Amino acid sequence: MRTPKTSESTGGAPLLDLQSLVVSVRRRRRLWSFVALLGLVAGAALAVLMPPPPTAVTTVLVAHEGDQPNDPGTLIRTDASLLTTTRIADRALKSLDSAEKAEDFMKDYRGAGLTNNLLQITVTGDSETQAVARAKALGEAFVADHVRRIQEAADAEAKGLLDQRDRLRDELADVNTEIGDGTPETTPGSSADLESLFARRAELTSRIADFDQRAEEARLGAPRLIAGTQIVDGPRAVPHSLRKAAVTNAGIGLALGLVLGLALAAVGAVVRDRPVLRREISANLGASVVAELRRRPRRTAGWWQLRRTRAARTRLTTTLARAVRGSAEPVSLLELGCARGTGVIALDLANALAEDGPVVIVDGLPKRQLANRRHKPGEPTVVAGERVDSVPHHIRRIGVGSVAPGTAWTDLHYLGTQTVLVVRAGHGSAAWLHTVARQLADLRIPVIGVVLLDPDPRDRTDGTLWDELNTALRGRSERLPRQNGTERPTWSVRVPDSEQEAR
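The text that follows walks through the structure, step by step, so that each part is easy to find. As the structure is a computational prediction, the values presented were derived from the model and not from experiment.

1. Digging into helix 2 (residues 29–49)
Three or four residues apart is the spacing at which side chains of an α-helix point the same way, because the helix has 3.6 residues per turn.
Right, on to step 1. The terminal C-alpha atoms of helix 2 lie 29 Å apart, and with 21 residues this matches the ideal 30 Å at 1.5 Å per residue to within 8%.
Right, on to step 2. Within the span of helix 2, buried status applies to Val 35, Ala 36, Gly 39, Gly 43 and Ala 47. Looking straight down helix 2, one finds that the buried residues subtend no more than 105° of arc, so they occupy a single side. Turned more than 90 degrees away from the buried face of helix 2, the exposed residues are Arg 30, Phe 34 and Leu 49.
Right, on to step 3. For helix 2, the secondary structure elements touched by its buried residues are helix 8 (242–272).

Spelled out as structure tokens, the structure:
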């Protein structure tokens, strides 16, 4: 018993195939397109149904005593934090004659530093007039509070310096008294003491003058800072454009919806683990993809697309007819996720084989879609699976069945001893493809090949399993003619032994 050699080793398969993930996400474009569209509509609806409240802004120039060119913005951030305090909020509410609580009022405005010395105040209100009035009251309250703090700091510094000066003046008075009370005798000891007193008096006089100058500078610096703190941009209402807000929110919603949709599609593709590439489906089923048929074009498709689809169906019918003619045993078409398409393929195949003799289609689909349809003149005979015994043995039979979950596996022998699997890409999980391969192998129903429906148009992977026969029709287990009284060996395919290997 020989096994085919695949181009890739199962043990070396990556944990996450990025190519398969990209294809799976692209095939689920309806999901992420719907989520992106939902985000677009939600963003636009949010702008219409929940418009922002009337807003006003004002800009205040703030002068600091410790301004430095390399200041990282610490001082202006401190001013923005001071703006959201109950002291300033209470002062603004008093100027507005409002009974609103300061805690509630602070939720309606905020401050942001534009530069190291520019503070922008943004206020909301019930109307534009109210918002502008609030912005003006807040700006004036902040300027008044800042000026008061500057004045208090300057007064405190000047008072401290003057207190030091007064203490030195008292000490100077004591020194002058000692000098006046000194003895006129010119002894060496008295002369030295007198010189030290004069030196001490000169030092105290110099320090007193220094403290006077520093106190004066402290008083002179405060008016400069007070004059530098003012409202440079008066309060004004912020214009609101509904169209601009709707477009902006719609764009944001579209971007967020697209990201969320792609994430959901990617997670769903990984969790569901449904193979979409030819090589994955071929490896899990242990059979080659002998043909593929793309999705049927829409009614609005051009004539070239319809012509291409008809040509693909013709090639598919020719390939299957060649395989069935070369088989001495009945062949079945077993579908997975494409019952309607399999029925159409069976009718085309029966019409192609009708040139060689009578053909009967045995309908083993769950809902008997072929047997219950209206029979048109010239179409091959279709019988239900229960009447398969009534078909004469000399008439060629084409069985049509399903390997979807819930399949009665033991009934597949009545449809055909060999089969062609018609699989829709991305429909069955890797575990279920593995189950189908194992069940067919246990029933000794070889798989001639796989017909892939709705494949990815950009799929460039190879779905053929090669062996020494150099043929794409895999699983042919027909017994070859005996030679010299011995039977030629049969060829079979290797079926994965576990779900992990199937992946």
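Further notes follow.
2. Concerning a positive patch on the surface
Right, on to step 1. On the surface, Arg 294, Arg 308, Arg 458 and Arg 460 cluster together into a positively charged patch.
Right, on to step 2. Structurally, Arg 458 can be placed in the loop between strand 11 (447–453) and helix 14 (499–502).

3. Topic: the sheet that holds strand 10 (residues 418–424)
Right, on to step 1. One open sheet accounts for seven strands, arranged 5-11-10-6-9-7-8; its pairing is parallel. The open sheet terminates on both sides in strands that have one partner only, identified here as strand 5 (289–293) and strand 8 (381–384). Put simply, the sheet's adjacent strands are angled 25° from each other on average, direction ignored.
Right, on to step 2. Pairing geometry for strand 7 (residues 359–363) and strand 9 (residues 396–402), over five bridges, is parallel. Residue pairing across strands places Asp 363 opposite Val 400, the latter belonging to strand 9.

4. Some points on the sheet that holds strand 1 (residues 55–61)
Right, on to step 1. Pairing in this open sheet of four strands is antiparallel, and the strands run 2-3-1-4 from one edge to the other. One side of each edge strand has no neighbouring strand; the edge strands of this open sheet are strand 2 (109–113) and strand 4 (230–237). Across this sheet, the average inter-strand angle for adjacent strands is 15°, counted without regard to direction.
Right, on to step 2. On top of the sheet, helix 6 (residues 128–180) reaches strand 1, strand 2, strand 3 (118–124) and strand 4; it is set at about 165° to strand 4, its chief contact.

Rules used in this analysis
- Position numbers for residues start from 1 in each chain and track the written sequence from start to end.
- Where totals are concerned, whole chains, interfaces and linings use all residues; where local detail is concerned, this predicted model gives features only for residues with pLDDT of at least 70, and gives and counts side-chain atom pairs only at 80 or more.
- With hydrogens and water set aside, each side-chain value is computed from the structure's full complement of heavy atoms.
- To qualify as a helix, a DSSP run of H or I must reach at least 4 residues; to qualify as a strand, a run of E must reach at least 2; elements of each kind are numbered from the N terminus.
- Expected helix span is taken as 1.5 Å per residue step, with the number of steps being one fewer than the number of residues.
- Partly exposed describes any residue whose relative accessible area lies between the buried limit of under 20% and the exposed limit of over 50%, with all areas from a 1.4 Å probe on protein chains only and scaled to the type maximum.
- Starting at the helix axis, one direction is taken to each C-beta atom, and the arc is that of these directions.
- Note on contacts: a residue pair is in contact if any heavy atoms of the two residues lie within 4.5 Å.
- Residues enter a patch when their relative accessible area is above 30% and they make no salt bridge; the linking distance is 9 Å between like charges and 5 Å between nonpolar side chains (Val, Leu, Ile, Met, Phe, Trp, Tyr).
- Accessible areas in this description were obtained via Shrake-Rupley with a 1.4 Å probe; residue shielding takes into account the shown protein chains only.
- Salt bridge, as applied in this entry: a Lys or Arg side-chain nitrogen positioned within 4 Å of an Asp or Glu carboxyl oxygen.
- The sign given to each residue is positive for Lys and Arg and negative for Asp and Glu; His and the chain ends receive no count.
- Here the site of a charge means NZ on Lys, CZ on Arg, CG on Asp, or CD on Glu.
- At least two DSSP bridges between two strands are required for those strands to pair.
- Axes, fitted as lines to C-alpha atoms, cover a helix only where it is in contact. Angles between the N-to-C directions of the axes lie from 0 to 180 degrees.

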